[in-house]
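# Summary of structural features
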Amino acid sequence: MATRVIAVANQKGGVGKTTTVAALGAALAARGHRVLVVDADPQANLTSSLGVTKDRLGTYDVLMRAAAAASTFIDVTSAALRVVPDGGSIHLMPASPDLAGAEVELATAHDRTARLREGLRDDVHRFGYVLVDCPPSLGTLTLNGLVAATEVLAPVQCEYLALEGLTQLLGTLRRVRERLNPGLAHLHLAMTMFDARTGLAQGVVEEVRTHFADLILRTTIPRTVRLAEAPSHGQSILRYDPAGRGAEAYRTMAAEIEARGVAGIAGAPAPES
Ligand SMILES: Nc1ncnc2c1ncn2[C@@H]1O[C@H](COP(=O)(O)OP(=O)(O)O)[C@@H](O)[C@H]1O
Ligand SMILES: [Mg+2]
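These numbers come from a predicted model, not from an experiment.

This part covers the overall build of the protein. The helix and strand tally for the protein stands at twelve helices and seven strands. Taken over the C-alpha trace, the protein has a radius of gyration of 17 Å; the compact-globule value for 273 residues is 19 Å, and the two agree within 12%. Across the protein, every contact between residues at least 6 apart in sequence was considered, and the portion connecting residues at least 24 apart equals 80%. When the accessible surface of the protein is split by element, carbon and sulfur atoms take 51% of a total near 11,500 Å².

Below is the structure:
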């Protein structure tokens, strides 16, 4: 099977990108896949949430062509899973704060948005899934994620104004497809932080559904304090609270993503605004 490279992107901060990369990555590994998660955010939340605290070679060095991608991979399987199935594993390409400088240092490079794709080229076939955690902007780092990707997953928070910004994201995706990466085929929208106690959340889900019907994953991620706690323990939710609702939801999402890959979503509308 060809590697599926999923850029997890939304220029809004705090919508659940990093949480989704860690949890979905762990859930895919739990299904027996070899998974690589790439931290492309200078805040390095994904890196610390998987228990990696020391500065290491990482995404910055790959983008600057100062390190081979494979030399940056850290095996974080034991931080992600209690029970590791045959064949399942998760590796991390970590971020460090110097990643913030990449945007400026690459400003005049003509191929600045293709550096991650280039860096991964020799190693990507070793993985079934690569998930890229993008920063909350549509700058060079996010573009590197989108250019390397075969698919985009955009978490959408179940809150008032959830749709704000999605139009801009869809416009960016269209331009990336036209100019930089025609292979960017699929867009998935994932509703996150759903709080059943508020009627608001249900209304938001319905509103997004009327606009983006087929793009929305059936799996909705609930708001649970366990998901917010897991990062400070350096563990994925599947290791920290495997029996809880958060882990359950991300396991369901992993199965859905896997099934969408097999069936394809060719019938779904192109990511256009
Ligand atoms: N489903 C959820 N339930 C509760 N808290 C969540 C959930 N998803 C994310 N969070 C918390 O919300 C904050 C923002 O999430 P994060 O994944 O870091 O967003 P982003 O990467 O888009 O900025 C974090 O503190 C995270 O722990
Ligand atoms: Mg983040």
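Having seen the structure, we can now continue with the description.
So, about the nonpolar core. Residues L189, V208 and F212 are the most contacted members of the largest nonpolar core, which totals 54 residues. Once you skip the residues sitting within four places of it in the chain, L189 turns out to touch A154, V156, L166, V208, F212, L215, I216 and L217. Formed by 38 residues, the second largest nonpolar core is a distinct cluster that contains L50, V52, I90 and L153.

A separate point is helix α8 (residues 166-180). Compared with an ideal rise of 1.5 Å per residue, which puts 15 residues at 21 Å, α8 spans 20 Å between its outermost C-alpha atoms and is within 8% of the ideal. Three or more residues of α8 are buried, namely L166, L169, L170, G171, T172, L173 and V176. Buried residues along α8 sit in contact with α7 (140-148), β6 (151-157), β7 (186-192) and α9 (199-212).

Of the residues in the protein, 96% reach a pLDDT of 70 or more, and the chain-wide mean stands at 92. Low pLDDT, under 50, characterises residues 265-273; the predicted model gives this stretch 20 contacts beyond four residues in sequence or across chains.

To continue, consider the layout of surface pockets. Of the pockets and cavities examined, the largest pocket occupies roughly 330 Å³. Forming the walls of the largest pocket are 22 residues, and the residues nearest its centre are G14, V15, G16, T19 and M193. Among the secondary structure elements, those contributing two or more residues to the lining of the largest pocket are α1 (17-30) and α10 (225-229). In the lining of the largest pocket, the residues fall into ten nonpolar, nine polar and three charged.

This brings us to the sheet that holds strand β2 (residues 34-39). Across a sheet, paired strands are connected by hydrogen bonds in the backbone, their directions being either parallel or antiparallel. The seven strands are arranged β3-β4-β2-β5-β1-β6-β7 in an open sheet whose pairing can be described as mixed. This sheet does not close on itself; its edge strands, each paired only once, are β3 (74-75) and β7. Of the strand pairs in this sheet, strand β1 (residues 4-8) and β6 are connected by three bridges, and their pairing is parallel. When the sheet's bridge partners are listed, I6 is paired in β6 with E151.

Below, the discussion takes up the pattern of salt bridges. Going through the model one piece at a time under the given rule, you end up with twelve salt bridges. A salt bridge links R65 to D111, with the shortest nitrogen-to-oxygen separation between them at 2.5 Å. With R65 in the loop between α3 (59-63) and β3 and D111 in the loop between α5 (102-105) and α6 (115-120), this residue pair connects regions lying 46 residues apart in the sequence. Residue D111 is classed as buried on the basis of its relative accessible area of 17%.

Summarising burial for β2: five of the six residues are buried, a large majority. Of the strand pairs in this sheet, β2 and strand β4 (residues 89-93) are connected by five bridges, and their pairing is parallel. Residue pairing for β4: V35 is matched across the bridge by I90.

The residue H33 is located in the loop between α1 and β2 in this model. A polar side-chain atom of H33 sits 2.5 Å from a polar atom in the side chain of E258. Contact partners of H33, with chain neighbours within four places excluded, come to L28, G87, G88, S89, Y129 and E258.

Okay, the site of ligand 1 next. Near ligand 1 you find 14 residues, and of these G14, K17, T18, T19 and P222 are the closest. The backbone of G14 places a nitrogen or oxygen atom 2.7 Å from an oxygen atom of ligand 1. Separating an oxygen atom of ligand 1 from a backbone N or O atom of G16 is a distance of 3.0 Å. In isolation ligand 1 exposes 550 Å². Once the protein is present, 79% of that is buried.

Before going further, it helps to spend a moment on unusual backbone geometry. For R65, which is not a glycine, the phi torsion comes out positive at approximately 60 degrees. Here the phi dihedral of M193 falls at roughly 55 degrees; this positive angle occurs in a residue that is not glycine. As for its placement among the helices and strands, M193 is situated in the loop between β7 and α9.

Parameters and conventions
Residues numbered from 1 in each chain as written. Chains lettered and ligands numbered in written order. Predicted model: local features only at pLDDT ≥ 70, side-chain atom pairs only at ≥ 80, totals over all residues. Heavy atoms only, no water. Helix = DSSP H or I, 4+ residues; strand = E, 2+ residues; numbered from the N terminus. Rg over C-alpha atoms; globule rule 2.2 N^0.38 Å. Contact = heavy atoms within 4.5 Å. Areas by Shrake-Rupley, 256 points an atom, 1.4 Å probe, with all protein chains shown as cover. Core = buried A, V, L, I, M, F, W, Y, C linked by side-chain atoms within 4.5 Å. Buried < 20%, exposed > 50% of the residue type's maximum accessible area, 1.4 Å probe, protein only. Expected span 1.5 Å × (residues − 1). pLDDT = per-residue confidence, 0-100. 1 Å grid on protein atoms, 1.4 Å probe; cavity = no way out; pocket = protein on both sides within 12 Å on 5 of 7 lines; lining within 4 Å. Points joined across faces, edges and corners; volume = space filled by probe spheres on them. Nonpolar A, V, L, I, M, F, W, Y, C, P; charged D, E, K, R; others polar. Pairing = 2+ DSSP bridges. Salt bridge = Lys/Arg side-chain N within 4 Å of Asp/Glu carboxyl O. Polar contact = N/O pair within 3.5 Å; in protein donor to acceptor, adjacent residues only side chain to side chain. Near = heavy atom within 4 Å.

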